[in-house]
Structures are given as C-alpha cells and as structure tokens.
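Fold and geometry: a report
Here's the letter readout for the chains.
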Amino acid sequence: MSFNNHEKGVILIVDDTPTNLQMLFDFLEDSGLNVVVAEDGESAIEMAEYAPPDLILLDVLMPEMDGFETCRRLKSNQITQDIPVIFLTALSDKVDKVKGLKLGAVDYIIKPLEHEEVLARVNIHLRLQNLTKKLTDQNQRLEVEVSERKRIEEKLGCQKDELAEWKNRYEALIQASGQIIYDWNPYTNDVTYDGNLEQILGYSQQEMSGGLNHWLELIHPEDRHSFKQENNRVLSTKKPFHLSYRVCRQDGTYITVEDKGYFFLDSAGNIAQMVGFVIDITERKRAEQEREQAFQALQESEARFRRLVESNIIGIILTELNGKITEANDAFLQMVGYQREELLKGKLYWDKMTPAEYSGLDERAIAQGAVPEAIAELICSGVCTPFEKEFIRKDGSRVPVVIGGALLEESQKSMVGFVLDMTERKQAEQKIREQAELLDITTDAIIVRDLDNQIQFWNQGAERLYGWKAQQVLSKNANKLLYQQKTLSQLQDIQKSLAESGSWQGELDQLTKEGKQIIVASRWTLVRDEDGEAKSILTVNTDITEKKQLEAQFLRVQRLESIGTLASGIAHDLNNALTPMLLSAQLLEKKLLDEQSQQWLSILKTNIKRGATLVKQVLSFARGLEGKRTSLQVEDIISEIERITKQTFPKGIEIRTNATAQNLWSITSNTTQLHQVLMNLCINARDAMPNGGILEISATNLWIDAHYARMNIEAKVGPYVVVTVSDTGVGINREIIERIFEPFFTTKEVGKGTGLGLSTVIGIVKSHGGFVNVVSEVGKGTKFQVYLPATPTTQTDDLLTPDHQLPIGFGELILVVDDEDSICEVTKTVLENYGYKVLVAKDGIEALALYTQHQKKISVVLIDMMMPSMDGSTTIKVLKRMNPQVKIIAVSGLVTSKMAQLLGNSVKTFMSKPYTSNELLKKLKFVLNTN
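Residues numbered from 1 in each chain as written. Predicted model: local features only at pLDDT ≥ 70, side-chain atom pairs only at ≥ 80, totals over all residues. Heavy atoms only, no water.

The secondary structure content of the protein chain amounts to 31 helices and 32 strands. Relative to its full complement of 931 residues, the protein chain shows a buried share of 42%. In the protein chain, of all internal contacts separated by at least 6 residues, the share reaching a separation of at least 24 is 57%. Split by element, the accessible area of the protein chain, about 52400 Å² in all, is 52% carbon and sulfur. (Helix = DSSP H or I, 4+ residues; strand = E, 2+ residues; numbered from the N terminus. Buried < 20%, exposed > 50% of the residue type's maximum accessible area, 1.4 Å probe, protein only. Contact = heavy atoms within 4.5 Å. Areas by Shrake-Rupley, 256 points an atom, 1.4 Å probe, with all protein chains shown as cover.)

Attention now moves to the sheet that holds strand S17 (residues 455-458). Read from one edge to the other, the open sheet built from five strands follows the order S17-S16-S20-S19-S18, with strand pairing classed as antiparallel. This sheet does not close on itself; its edge strands, each paired only once, are S17 and strand S18 (503-511). Sheet twist, expressed as the average angle between the axes of neighbouring strands with direction ignored, equals 25°. Pairing of S18 with strand S19 (residues 517-528), which is carried by nine bridges, proceeds in the antiparallel orientation. Bridge pairing in S19 places Trp 504 opposite Trp 524. Sitting on the sheet, helix H19 (residues 492-501) touches S18, S19 and strand S20 (534-543), and the angle it makes with S18 is about 160°. (Pairing = 2+ DSSP bridges. Axes fitted to C-alpha atoms, helices over the stretch in contact; angles between N-to-C directions.)

Within the structure shown, the criterion is met by 11 aromatic pairs. Taken together, a centroid distance of 6.4 Å and an interplanar angle of 75° make the contact between Tyr 720 and Tyr 787 edge-to-face. Of this pair, Tyr 720 sits in strand S25 (residues 718-727) while Tyr 787 sits in strand S27 (residues 781-789), and the two are 67 residues apart along the sequence. Neither residue differs from the other here; Tyr 720 and Tyr 787 are each classed as buried. Ring centres 4.4 Å apart and planes at 10° place the aromatic pair Phe 771 and Tyr 787 in the stacked group. Taken as a pair, Phe 771 in strand S26 (residues 771-777) and Tyr 787 in strand S27 lie far apart in primary sequence, 16 residues in all. The class for Phe 771 is buried, based on a relative accessible area of 0%. (Phe/Tyr/Trp six-rings, centres within 6.5 Å; stacked < 30°, edge-to-face > 60°.)

Moving on, we come to the packing of helix H2 (residues 41-50) against helix H3 (residues 67-75). Running from amino to carboxyl end, H2 crosses H3 at an angle of 20°, the nearest separation of the two axes being 10 Å. Relative to H3, H2 is oriented roughly parallel. The handedness of the crossing between H2 and H3 comes out as right-handed. Only Thr 70, Arg 73 and Leu 74 of H3 make contact with H2, whose side of the interface consists of Gly 41, Glu 42, Ile 45 and Ala 48. Classifying every residue of the contact of H2 with H3 gives three nonpolar, two polar and two charged. (Parallel < 35°, antiparallel > 145°, perpendicular 65-115°, else oblique. Left-handed = near helix turned anticlockwise from the far one by under 90°. Nonpolar A, V, L, I, M, F, W, Y, C, P; charged D, E, K, R; others polar.)

A contiguous nonpolar surface patch, about 270 Å² in accessible area, is contributed by Ile 124, Leu 128 and Leu 131. Relative to the helices and strands, Leu 128 is located in helix H5 (residues 115-157). (Patch = residues over 30% accessible without salt bridge, like charges linked within 9 Å, V, L, I, M, F, W, Y side chains within 5 Å. Salt bridge = Lys/Arg side-chain N within 4 Å of Asp/Glu carboxyl O.)

Backbone hydrogen bonds hold the strands of a sheet together, and the pairing may be parallel or antiparallel. Read across the open sheet, the five strands follow the order S12-S11-S15-S14-S13; overall the sheet is antiparallel. Pairing within the sheet leaves two strands with one partner each, and these edge strands are strand S12 (325-328) and strand S13 (383-392). The mean angle between the axes of side-by-side strands here comes to 30°, regardless of whether they run parallel or antiparallel. Note that S13 and strand S14 (residues 398-407) share eight bridges and pair antiparallel. The partner of Glu 390 across the bridge, within S14, is Pro 400.

Right, let's talk about the pairing of strand S4 (residues 85-89) for a bit. Burial analysis of S4 places five of its five residues in the buried class, which makes it a mostly covered element. Across the two faces of S4 the burial is the same, with Val 85, Phe 87 and Thr 89 and Ile 86 and Leu 88 all buried. Relative to S4, strand S3 (residues 55-59) runs parallel, the two sharing four bridges. The residue bridging Leu 58 from the neighbouring strand is Phe 87, located in S4. Regarding topology, H3 serves as the crossover connection from S3 to the parallel S4, and that connection is right-handed. (Right-handed = clockwise from strand over helix to strand, strands pointing away.)

Residues Val 634, Leu 681, Leu 695, Val 723, Phe 784 and Val 786 are the most contacted members of the largest nonpolar core, which totals 38 residues. Elements with a contribution of two residues or more to this core: helix H22 (634-648), strand S22 (653-657), helix H23 (671-687), strand S24 (693-704), S25, helix H25 (757-767) and S27. Here this core gets seven residues from one element, more than from any other, and that element is H23. When near neighbours in sequence (up to four residues on either side) are disregarded, Val 786 contacts Val 677, Leu 681, Val 721, Val 722, Val 723, Val 765, Phe 771 and Val 772. Listed in part, the 27 residues of the second largest apolar core include Val 234, Leu 243, Val 247 and Ile 271. (Core = buried A, V, L, I, M, F, W, Y, C linked by side-chain atoms within 4.5 Å.)

In most cases, non-glycine residues show a negative phi, while peptide bonds are predominantly trans. The residue Asn 189 is not glycine, and still its phi comes out positive at about 65°. Within the secondary structure layout, Asn 189 lies in the loop between strand S6 (179-184) and strand S7 (191-195). Assessed through its relative accessible area of 24%, Asn 189 is described here as partly exposed. With a phi angle near 75°, Ser 475 is a residue other than glycine that sits in the positive phi range. With respect to the helices and strands, the residue Ser 475 is situated in the loop between helix H17 (470-473) and helix H18 (478-482). By relative accessible area, Ser 475 is classed as exposed at 56%.

Taken together, the side chains of Asp 16, Glu 39, Asp 40, Glu 46, Glu 49 and Glu 64 define an acidic patch exposed on the protein surface. Along the chain, Asp 16 turns up in the loop between strand S1 (10-14) and helix H1 (18-30). Judged by its relative accessible area of 31%, Asp 16 is partly exposed. (Lys, Arg positive; Asp, Glu negative; His and termini not counted. Charge placed at Lys NZ, Arg CZ, Asp CG, Glu CD.)

Before going further, it helps to spend a moment on the side chain of Asn 329. Note that Asn 329 resides in the loop between S12 and helix H11 (330-336). On the basis of relative accessibility, which here comes to 5%, the residue Asn 329 falls in the buried class. Within the structure, Asn 329 has its side chain in polar contact with the backbone oxygen of Ile 314 (distance 3.0 Å). At 2.9 Å, the side chain of Asn 329 forms a polar contact with the backbone nitrogen of Ile 316. (Polar contact = N/O pair within 3.5 Å; in protein donor to acceptor, adjacent residues only side chain to side chain.)

With that settled, the discussion passes to the environment of Tyr 483. One can find Tyr 483 in the loop between H18 and H19. On the basis of relative accessibility, which here comes to 5%, the residue Tyr 483 falls in the buried class. Distance in space between the C-alpha atoms of Tyr 483 and Leu 511 is 5.8 Å, their sequence separation being 28 residues. With near-sequence residues (within four places) excluded, Tyr 483 lies in contact with Ala 478, Leu 488, Gln 490, Leu 491, Leu 508, Asp 509, Gln 510, Leu 511 and Trp 524. Separated by 2.9 Å, the side chains of Tyr 483 and Gln 510 make a polar contact.

The next thing to look at is the pairing of S7. Where S6 meets S7, five bridges bridge the pair, whose relative direction is antiparallel. Looking at the pairing, Trp 184 lines up with Val 191 of S7. Counted between consecutive antiparallel strands, the loop separating S6 from S7 contains six residues, among which Asn 189 sits at a positive phi close to 65°.

We now examine the pattern of salt bridges. Using the criterion set out here, one finds 24 salt bridges in the structure. As a salt-bridge pair, Glu 642 and Lys 646 come within 3.0 Å of each other at their nearest N and O atoms. Taken together, the residues Glu 642 and Lys 646, both in helix H22 and four residues apart, mark about one turn of the helix. Accessibility expressed as a relative area gives 17% for Glu 642, which makes it buried. Residue Arg 656 pairs with Glu 654 through a salt bridge whose shortest N-O separation is 2.9 Å. You can call Arg 656 partly exposed: its relative accessible area is 26%. Through salt bridges with shared partners, a single ionic network connects Asp 107, Glu 117 and Arg 121.

Have a look at this one:
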C-alpha cells in the first residue's frame, strides 16, 4: 500500500532505540512516505517546531523525557499542537492508554510492531489530517465570506431610518443610566423591565416574568408591608411612588434600592399604567451609615477626652511649639507646683521647666538616635512618640515624667501634650531593682506567682535554669510553662499543704524552654499582705537532675554488687555441698559395679559437674575469675573468636571483623577471661538470629574525657579499648534491658540457657576496671560495647600533653537532634565550649521546624537515628528535599552497614553512641571541611 503524490506526507519517528528507528524508517520510506527521525523528546520538539511534520510516531518509554511529557509539550505549543501523535509502546495498561489519549494522542500502536498495521494506521491518520486541512481551508473561506456579509449588513444598518436611530439612542441612554426601567399595568398586574436589570439584580428578562407578585417575592420580608402601604397610597391619591427598600439578588444577597414611579391616567381619569425606575443605592446607604457611625464615634471620643481632662489622672497641656503653655489641667499644675493664675499670665514655658541635661531630648533623638527628634517628628507626622524626661517644679525639685503629644492642626504651631507623673513608679522600680539585684546573686531559681499562677517575678537564676528570659514569662501561667500535662497531678498536695501550713517542700519534675526534663528540689512559701490575706506564692527551686541521675546509676551498680555478693555466698555454699557429693559418687562407682548402678552414678556425676560449672560462672560474675594477667593485644583474641565462630555457627550468620586493621592499644588481661567474655556475647548474638543475620566484632581506641565520664558513673577519664559485638537479631525490650546482667535471668526457653552468660561477662569486665554499654532496638538488633582500660604507653600519654589540641569552631551553627535530654545538654556544652553555636531539637518534627527557620545559618545537622514522633531516617529524607546540600552526621547506638547502605549519600558520616568530645569535634571539623 502506498500514497499518491498529492497525499504523500512527512512522518517524524521518535524512538531512543536505533534498531527500531532504522527498521521503521526503511519500511515507511519503501512505502512511499517522507520520513525523519529523532532519538529523544527534546530533539523531536525542536524538529517539529522548525518543520512541522504531518504525523508523529512517538515511543512512550524513553530516558530523560518520556513520551507522555514529550506529547504534553507538543500539545501545549501553538506551532505543534495540531500535529497528530500516535504512541508506540509495549505497555498494554489501560491506565497508560487513557493517560496518553488525555494528553492529546490520536492512537496507540502496541509493540512488537506489525508493519502492515503501522502503515494502515498511518494512512488513516494522514487522510484524516488532509481532510482536516481541507476543512480548515474551507472554514477560512467561509469566515471571509461571513466577514464580507457582516460588513454589508453593517453598512445597511447605518442607513436605517431616523426613528430607529433615535430608538437606539434612547435604549442606550437607559442602559447607561444604571437604572432598572419598569412599566406596570394595574389591570393585568403585568410588569415589563428594561435597562440594567441583569447587571443590578442578576436576573434575565425571562426570569422576571410573573408580574408584580414576583417582584414582591424579591422584596425583603421586613420591607414588604411598607411597599404595599406606599402602593395603596399611590393608588388612592394618584401621587408619585417613592420608597427605599431591600431587594434580593439572584446570588441571594440583598441590596438597597430607591424606587420612583409615575402614573398615566386614561380619559376617564383612572390610572392606565405606571412607569418608573429603580436605582441601586446600597453604597450610598453604607456611606451614610459610616458617616453616622463616625459622627457618633467623634462625639464619644470628645466625651472621653473631656472626662480625661477633668479626671486629673494625667497631666494635659496645650502648648505652642516655641515652648509657651497656653492651657493645662489641674493635674499638670499640681505636678509642677504652679497656680492657674501664673498659667493665665503666660509665665509657664515647658522649655524653661526642662533641666539642661534633658533639654536635648526635646530636640534630638531619644536613646542616642533610636527615636526621631521630638519636634521634627511632631511636625513631620503630627504626633510625638512618648519619651521620658524631667520637669523642674516651682520649688526647684524635679519630677520624672513621660510625655507625648500631637499637633492640633497641621496649619497651627500648637499641640496637645499628655504628661504622666512617674515619681511613684520610679521609686517602686528602684526598690524592686535593689531587691532583684540581691535575688539574682543566688544560683537558685526564685519565682513569685499570684494565686492564679501568673508569674510576677523571675530572677536570673530562673533564667539560667529554665532558659526563658524574664520578659518572656512575666504574666504567663507557671503551670503551663514548667510542667507537662501528665505531671500536673504532683501539684495537688502542694495547694493543700500551702492552705494548711503556708509552706511545702519536695522534689518536682519540670521542663525547660528546650523541652528538657529536669528534677528540682522545690520550696514553696505562701506570701500574705498586711491584712493576713494570701496574695502570692514564693518558690525557690534547685536543679538536682544530675544528682538524681548519678544516684540512679550508683543504685544500679550497687544492686549488681549486692547480687554479686549474694551470688558469691551461694556459690561458696554450693561448692561445699557439691564437693562431698562428687567424691561420694566416685567412691560408689568402685563398690556398685552392676551396669544399672554405674549408669545412675554416671548421670549423678554429670549433673554434679554441671552444677560445678554453674557455680564457676556465678563466681565469675561475683569476683571476675581472678587469674594471671599479662599485656595482650585485643585483635589476636578477636581473630581467634572469628575463626571459631565461622567454623561452628550456622552458615546463615555472616561474621565480620575489623580489628586486625586497627592500631589498637594494649590491655592488661587474662586471655581465657577475655575469650570467655567475647564468646558469651557471640553466642547470645547467634541465638538472637535464628533465621540468620550479621554478627560484627570490632574494636577501636577511645580516650574518655570528663564530658563522657559525667554521663556514665562507671567511666573514668583515660584511654580505653572498646570491643563491640553487634547483631541484626530480634533485639531486647526496654523493659528488661536493665535486668540482663542479673544471674539466672534469661529470656530463653527452659533448658536452652542458664542466665549466667552475661552476668559472667559483667563480672569479668568489672574486675578489669571496665564497664559495658548496651544499645538495642526490637526487630533491628543489639550492640554490646565492652570498655577495657588500656595499658598506659607513650601513645596514650600523648593524649594528655598540651600538643593534643582538639579542633575548635568559629561560630558555626550546629543543629543537635536527640530525644535524650542529657545527651543534648552535654553535646551542647561541649560544642559551645569549643566555639560553636548550638540549636537543640528533641525529635524530627521540631528539627524540621528549626531548620526551616534557620536554614541559611545552620552548617551541620547532628541527628540521632532512633527518636519518637519522626525517626532519624525520615527526618534526613525531608531535610535532603529541603536542601540537597545539607551536611548531616548520623548518630546511633546501633550503627550497622545496613543502615549506612539505606541512607547512602544522604549523610556525610556516622558516629556511634556514646561518643567523646574528641570524636565529636573531629567528625564535625571533617564534615565542615567537606565540600
């Protein structure tokens, strides 16, 4: 099949696959068509704009710009919008087809292509395109003919008779008048309308049929009675109709109209018809009401001003700008000590009553340029911003005042001034300032509140403890500011105690400005007035948060030590009991030689030895299995553990280590004990991954500084080797994580665990002077970090020399995101001590809000991965959408390769909890220096 010469068209093929292009090009060329090709959407659009083809064959799936987007852009371009587009696609999804047709495509051809089908569809659409062009040409010719016909009709219209011309002028005049013209027949009750009916009411002529009754339905119900009364008056008196009332528009709103109507009488003197016009006066009515309201407001303002002048509460003066006071009320005269006779004689000048050191305030800027010149501001804007100064009284004493004013009229050089005596206020402020200076010396938070819990006083100790400045909290509700909803119940007994004894003291859980939870030792005292009536409550709060945290850690350590002592005693008694039992069994073996007795004695010996092994583990927990210790390298032990676990653990568990590549410090330990610690942790990790997973053993050097030691009571400042055993198993619930080191505590099934593995680990590690940290998340895995003191060497001693300088910041703003208050507080302190500025957020939602507000200033985001409300990974994704260049340090107690792979390039680096100042500052400097 081929085209005749006059039907031969140009086909544009768009496909990113060269073979597809070549095959389709050859076939269509052989079929007698002119063919051009493009390999992507952008090239296709440029070619279509330069030389529009008759038809486009467009592949749907292409890189960078797919067929849908290419079609959308072609159809939105005036040059190419009429070119038919046929999609070539291997997709048969109905949704995609509908999407393409909605974008303007005329057809779909499904791949693989049948050449005969392609040629048939191309023929059809080219013929349709040719027909369209022919129709377009015919339409253009018709438009020319219609235009010519209109021109002739317009010429004929200009030749209408004079009567029709005057009629048109009359109708135009009606339309231009902005009125509704009506004609009412009293006998038939019919009404016809003309003029601006639709513009004013929104109704067409047809919608207004129905006569006078329909018009009555549009009148506001409250105005219908007055309309009927006016209508009856006109019918009886034959005088013109005149009434204002409200009418409903088509959109349901009411407008106010003015209706004027005039009667025509027949030969008998009866009313034959009434014609009139309706005008929209809504805006005029509104303006009249506003003028009336303004007049009433002016009268009320004058009355208030008159009462103000006569009340003598504030001094009021009328003065000329040259300084002469022409009028004053009694309050001002009493303030400055002059008589009215002296005022009437023209002896009072405000500039002469102003001390020399204050005279500049009237002429120059107040507060060293913060406010424009008083006189200049008055002349320029008509008002003067109130400012403080002093006046010299007649007796020579001074009175502190606040003065402001306004010009009476711009054309006049006189003003009205308002003068407030500040004497009592200044005295009170001085007294309060003296008291506040004394109260600010203390480090405790001192708060005074009224009986409605509104804060009246807030000292500097409170500012330091809670983070709010005094001006931010005064008059605010103390309970809403300092307590969570769930902790308000702790205040119930306080009110009862205050009512009974006038005082209370105890511990309270409170919040700071940053949302940090703190514990305070609080003393409440009820303050009474001179009549003995309660007027306010004095509260003194001391921060004991750190003290309570250390107490909790101490009690935990003490509890483990108590369990260890108990376990040691039990183990001692069990050894005493098991020893004669084992010896007796061995003696009986020699006397009871029958097979059954020998079998029973063998079972007895096995269980006695098993009991002895349990006792040995209990002693390990209690005393750490004292043995000979030497200097050794941790990486050798880890290599041995790696070999054993790879040989014995299920193949579904992948074993990873990285200690051999580290230049680790030496430790003083017993090889067997350290081997037992790591094997116990690895076995626990294996049991936590019944379906396989990743077991990772790593080690690193760590210098624990004072900031880290504050967070862990068992830690001491100095060098440590940290051995980490992590798994991707089931994890440990928060409810039981505090009990896992207790002897005989286990979550395993009966017969599958003694509950002594971890207690042995903690016993051995503590005997080395070390400690263990555990981080776990249910469903994601567990990480045990074993901290072992390093043997002092030249390397570790170098960390204490002055040459070991930590990198400092230069005022960069760091956003710290963590739901642990203690971590936020310590991290903030470290960064601020080393030259950084810090913002703190307790979850992802608050972090996003702070980042939105300070995006241009924040240099690095330090974010915890596990938080409530919005976790770290979700927060990081949103931050990257907000700013793809944002620099992020991810922090987690459980940093895994899976986590690093999940986040990819979204973060600059990872940091494990707990971290030291050294790690934090070095990581931060590394990220800041990374482009």
